[in-house]
Amino acid sequence: MTLARVGLDARLTRQMSIGMKTYAGEIVARLPRVAPEYSYFVFSKGANFGWREQVQLPLAMRRARLDLVHFLSQYVPLMLPSRFVITIHDLIHLRFPQYFKAKVGPYYRSVVRRACARARCVITDDERTIDDLVEFLGVERAKVRVIPLGVSESFLDAAVAFSAERPYLLYVGNHREHKDLATLFDAWSALPESSSVDLYLTGPDDFGGELQRRATPSRAIVALGDVTTERLASYYSGARALVQPALREGFGLPMLEAMAAGCPVIACRDALPRALEGAAQSFPARDSAALRLELERMLADEGLRGRAINSGREVARRLSWDRCARATADVYREILEQL
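Residues numbered from 1 in each chain as written. Predicted model: local features only at pLDDT ≥ 70, side-chain atom pairs only at ≥ 80, totals over all residues. Heavy atoms only, no water.

Peer 1: Outline the sheet that holds strand E12 (residues 281-283), supporting the account with residue identities and numerical values.
Peer 2: Strand order in this open sheet of six strands is E9-E8-E7-E10-E11-E12, and the pairing throughout is parallel. Bordering the open sheet on either side are strand E9 (221-223) and E12, each of which pairs with just one other strand. Each neighbouring strand pair of the sheet contributes to a mean axis angle of 25°, computed without reference to strand direction. Across the sheet, helix H9 (residues 229-238) lies against strand E7 (168-171), strand E8 (198-201) and strand E10 (241-244), angled at about 135° from E7, the strand it touches most. With respect to the sheet, helix H11 (residues 288-300) is in contact with E7, E10, strand E11 (265-268) and E12, its orientation differing from that of E12 by roughly 160°. (Pairing = 2+ DSSP bridges. Helix = DSSP H or I, 4+ residues; strand = E, 2+ residues; numbered from the N terminus. Axes fitted to C-alpha atoms, helices over the stretch in contact; angles between N-to-C directions. Contact = heavy atoms within 4.5 Å.)

Peer 1: Give a detailed account of the pairing of strand E3 (residues 68-71), specifying residues and quantitative values.
Peer 2: The side-chain alternation of E3 yields two buried faces, one formed by Leu68 and His70 and the other by Val69 and Phe71. When strand E1 (residues 4-9) meets E3, the two strands line up parallel, connected through four bridges. By the bridge assignment, Leu8 is partnered in E3 with His70. Pairing of E3 with strand E4 (residues 84-87), which is carried by three bridges, proceeds in the parallel orientation. From the neighbouring strand, Phe71 faces E4, where its bridge partner is Ile86. (Buried < 20%, exposed > 50% of the residue type's maximum accessible area, 1.4 Å probe, protein only.)

Peer 1: Mind laying out the pattern of salt bridges, listing which residues take part and the relevant values?
Peer 2: Counted under the stated rule, the structure contains 24 salt bridges. Of the charged contacts, one joins Arg318 and Glu314 as a salt bridge, the two residues approaching to 3.7 Å between their closest N and O atoms. Pair noted here: Arg318 and Glu314 are both in helix H12 (residues 302-318), with a separation of four residues, about one helical turn. Of the charged contacts, one joins Arg333 and Asp330 as a salt bridge, the two residues approaching to 3.7 Å between their closest N and O atoms. Within this pair, Arg333 and its partner Asp330 are both found in helix H13 (residues 321-336), separated by three residues, close to a single helical turn. Take Arg333: its relative accessible area is 39%, and that puts it in the partly exposed class. Residue Asp330 is classed as partly exposed on the basis of its relative accessible area of 27%. In the salt-bridge network here, residues are joined through shared partners; they are Glu26, Arg30, Arg33, Glu153 and Asp322. (Salt bridge = Lys/Arg side-chain N within 4 Å of Asp/Glu carboxyl O.)

Peer 1: I'd like a description of H9, backed by residues and values.
Peer 2: Listing the buried residues of H9 in full gives Leu232, Ala233, Ser234, Tyr235 and Tyr236. In this structure, the buried residues of H9 make contact with helix H6 (153-156), E7, E8, E10 and helix H10 (253-260).

Peer 1: So what about the packing of H10 against H12? Which residues, and what values?
Peer 2: The contact between H10 and H12 brings their axes to 7 Å, and the two run at 110°. One finds that H10 runs roughly perpendicular with respect to H12. At the point where H10 passes H12, the crossing takes the left-handed sense. Residues Leu256, Met259 and Ala260 of H10 lie in contact with H12, whose contacting residues are Gly312, Arg313 and Ala316. (Parallel < 35°, antiparallel > 145°, perpendicular 65-115°, else oblique. Left-handed = near helix turned anticlockwise from the far one by under 90°.)

Peer 1: Lay out H12 with the relevant residues and their values.
Peer 2: In this model, H12 (17 residues) spans 25 Å end to end at C-alpha, consistent with the 24 Å of a helix rising 1.5 Å per residue. Where H12 begins, the side chain of Asp301 points an oxygen toward the backbone nitrogen of Gly303, at a separation of 3.0 Å. (Expected span 1.5 Å × (residues − 1). Polar contact = N/O pair within 3.5 Å; in protein donor to acceptor, adjacent residues only side chain to side chain.)

Peer 1: Which residues make up the packing of aromatic side chains, and what values do they have?
Peer 2: Using the criterion set out here, one finds 14 aromatic pairs in the structure. Summarising the aromatic geometry, the rings of Tyr107 and Tyr108 are spaced 6.3 Å apart at their centres and angled 90° between planes, so their arrangement reads as edge-to-face. Looking at Tyr107, the relative accessible area reads 15%, which means it is buried. The interplanar angle of 70° and the centroid separation of 6.1 Å between the aromatic rings of Phe162 and Tyr200 together place this pair among those described as edge-to-face. With Phe162 in the loop between H6 and E7 and Tyr200 in strand E8, this residue pair connects regions lying 38 residues apart in the sequence. In this structure Tyr200 comes out as buried when scored by relative accessible area, which is 8%. Linked through ring pairs, Phe162, Tyr168, Tyr200 and Tyr235 together constitute an aromatic cluster. Between Arg219 and the ring centre of Trp188, over which it is positioned, the NZ or CZ distance is 5.3 Å. (Phe/Tyr/Trp six-rings, centres within 6.5 Å; stacked < 30°, edge-to-face > 60°. Lys NZ or Arg CZ within 6 Å of the ring centre and 35° of its normal.)

None of this, on its own, says anything about what the molecule does.
Next comes the structure, spelled out in structure tokens:
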């Protein structure tokens, strides 16, 4: 019996976030094992917007005589195959255009909108993104499939907690405007003076001296720089809580990674994916006073913290990358059975 031939566009380019790259890598690695009923062809070369993407990639896909193609991100060639699936993680660029380059919006409204219209299915990470797909790109609800992301086994393994001089809260992610780190800084700064707790941030100190201005003799904001996966698991394990103040997230892998590592999560309500809602504390967007109260509760109430850890681990154990890959292959089957 000849296996159906599935092409995976797994190009990792500089425009992609760490989460998007993680998703592409995990799906490509796990599909052959969890869904061996298909034959996979991986396309991993070619930057966005260039000759390789627009000419070489479509030609290579045509030569491979594929039955179905899965574009693992929104970066696609104009010459699209006849049958394909596309993953759109989020539409943050269209929801908050003021925080991104002016050329991003037209790309989504032309290239990405056209790709979504022609796709057999659009895969996304969270139910909330369905409304954005409909509103901003005119996607038919019936063709959207929601598949929550997964967490690496390395975060579920017991990591040695980072040993710090003082307790600390943790933020993991980039420092773009829509991440709303200002709300986190204000909430942390407003904690009682008796709360001797630091705030750790991944990434560089690119805040123009603000971290130093907010420091006191009893606490500081620490920029960790680039952090390896092994080191990140250690930071999660040792933190009093992971805080996600972003105005919106597609899925927010750090929240799931933190839960897997036994770290409570406090997140902006609009950034918290549906799959994690029951396992995290939340606060309204841009509300630093409400976030401060949640921080105080988590720092003072060991019972609350213990319940949050247990709930988070339970959710993380369910949301594996194998499950994500299997659900993705089920979308392929749904399309291929229509041939």
